[in-house]
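# Coordinates in review
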Amino acid sequence: MELNEAVELDRAVAVVTGANRGLGRHLAAQLVERGAKVYATARRPESVDLPGVVPLRLDLTDPRSVREAARTASDATLLVNNAGISTGTPLVAGDWDAVRLEMDTNFFGPLAATRAFAPVIEGNGGGAVLNVLSVLSWFHPAGVGAYAAAKAAGWAMTDAIREELAPRGIAVTALHVGYMDTDMAAAIPAGQKTDPALVAALALDGLAAGAREVLADDLTRSVRQGLGRVASAV
């Protein structure tokens, strides 16, 4: 399997979106533990309570906020596109504004952040982007159609920008994961959810090893393997 350039996390300057809770909080905390400087972003930076990080305001649905964050974190070498939303909205019968919000937050937001930070990372000698995606990038239940569509678009975006950014010295890694024990999956039974601390560790290990794709749980690995079988049968 072709690999990205390995990321030296102890020398990285990371911007982690949605770092005030859930997976983002674990990613930010573990990056600090591994020696990185971390900008921990949230729409309300006062909600970031992690020691050792630099709280930073960033609202993915506000282009001015994204640009301001990129100007502030001018030493960034690693962007972690973690922030997201799940409204449980179907595509046909669901509320139109909720569908748009999912796309704005889960697709256009990470793309805007990548566009804003790519020249920063390139100017600092290169680095990486980690996009937090989902098993629902490939499996699309009707009840969460808006979320699945946004994550499928995020997967396509990740593959496209990997090719686009490689000549600029920026590696791109996708993290795919199923249900995690976070607020977003509060209604899911505990036995079906993965510890987000474990997912964060796997993601960072993948970055450090130059992985292009990190599959964080058995469900995700099974679905991804099945996708490969379908593709080979076409």
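The structure we're discussing is the one just above.
The following refers to the structure shown. Within any chain, residue numbers begin from 1 and follow the written order of that chain's sequence. With the structure being a predicted model, the display of local features is reserved for residues of pLDDT at least 70 and the display and counting of side-chain atom pairs for 80 or more, all residues being used for whole-chain, interface and lining totals. Remark: hydrogens and water are excluded; side-chain values derive from all non-hydrogen atoms of the structure.

This part covers the overall build of the protein chain. Helices and strands together make up the secondary structure of the protein chain, namely 6 helices and 7 strands. Computed over the C-alpha atoms, the radius of gyration of the protein chain is 17 Å, within 12% of the 17 Å expected from 2.2 N^0.38 for a compact globule of 234 residues. Note on classification: 1.4 Å probe, protein chains only; a residue is buried when its accessible area is under 20% of the maximum for its type, exposed when over 50%, partly exposed between these limits. Buried residues in the protein chain amount to 48% of all 234 residues. The contacts of the protein chain with a sequence gap of at least 6 include a subset with a gap of at least 24, amounting to 66%. Asp and Glu count as negative and Lys and Arg as positive, but His and the ends of the chain are not part of the count. The atom standing in for a charge is NZ when the residue is Lys, CZ when it is Arg, CG when it is Asp and CD when it is Glu. Taking the 21 positively charged and 26 negatively charged side chains of the protein chain as two groups, their mean positions are separated by 3 Å. Numbering of helices and strands runs from the N terminus; a helix is a DSSP stretch of H or I covering at least four residues, while a strand is a stretch of E covering at least two. Our radius of gyration is a C-alpha quantity, and the globule rule it is checked against amounts to 2.2 Å times the number of residues to the power 0.38. Contact criterion: two residues are considered in contact whenever any of their non-hydrogen atoms come within 4.5 Å of each other.

Attention now goes to empty space enclosed by the protein. Using only the protein atoms, space was sampled on a 1 Å grid; points where a 1.4 Å probe fits but cannot get out form cavities, open sets with protein on both sides within 12 Å along at least five of seven lines form pockets, and lining residues are those with an atom within 4 Å of a point. Grid points are joined across faces, edges and corners, and a volume is the space filled by probe spheres set on the points. Considering all chains together, one arrives at 1 cavity of 30 Å³ or more under this definition. Of the pockets and cavities examined, the largest cavity occupies roughly 70 Å³. Counting residues per element, the ones that place at least two in the lining of the largest cavity are α3 (96-123), β5 (127-132) and α4 (145-165). Top contributing element to the lining of the largest cavity by residue count: α4, with 3 residues. Taken together, the residues that form the lining of the largest cavity break down as 5 nonpolar, 5 polar and 1 charged. Three classes are used: nonpolar for Ala, Val, Leu, Ile, Met, Phe, Trp, Tyr, Cys and Pro, charged for Asp, Glu, Lys and Arg, and polar for all others, with Gly counted as polar.

Here we take up the layout of surface pockets. The calculated volume of the second largest pocket comes to roughly 360 Å³. Lining the second largest pocket are 19 residues, with E5, A6, G126, G127 and G169 sitting closest to its centre.

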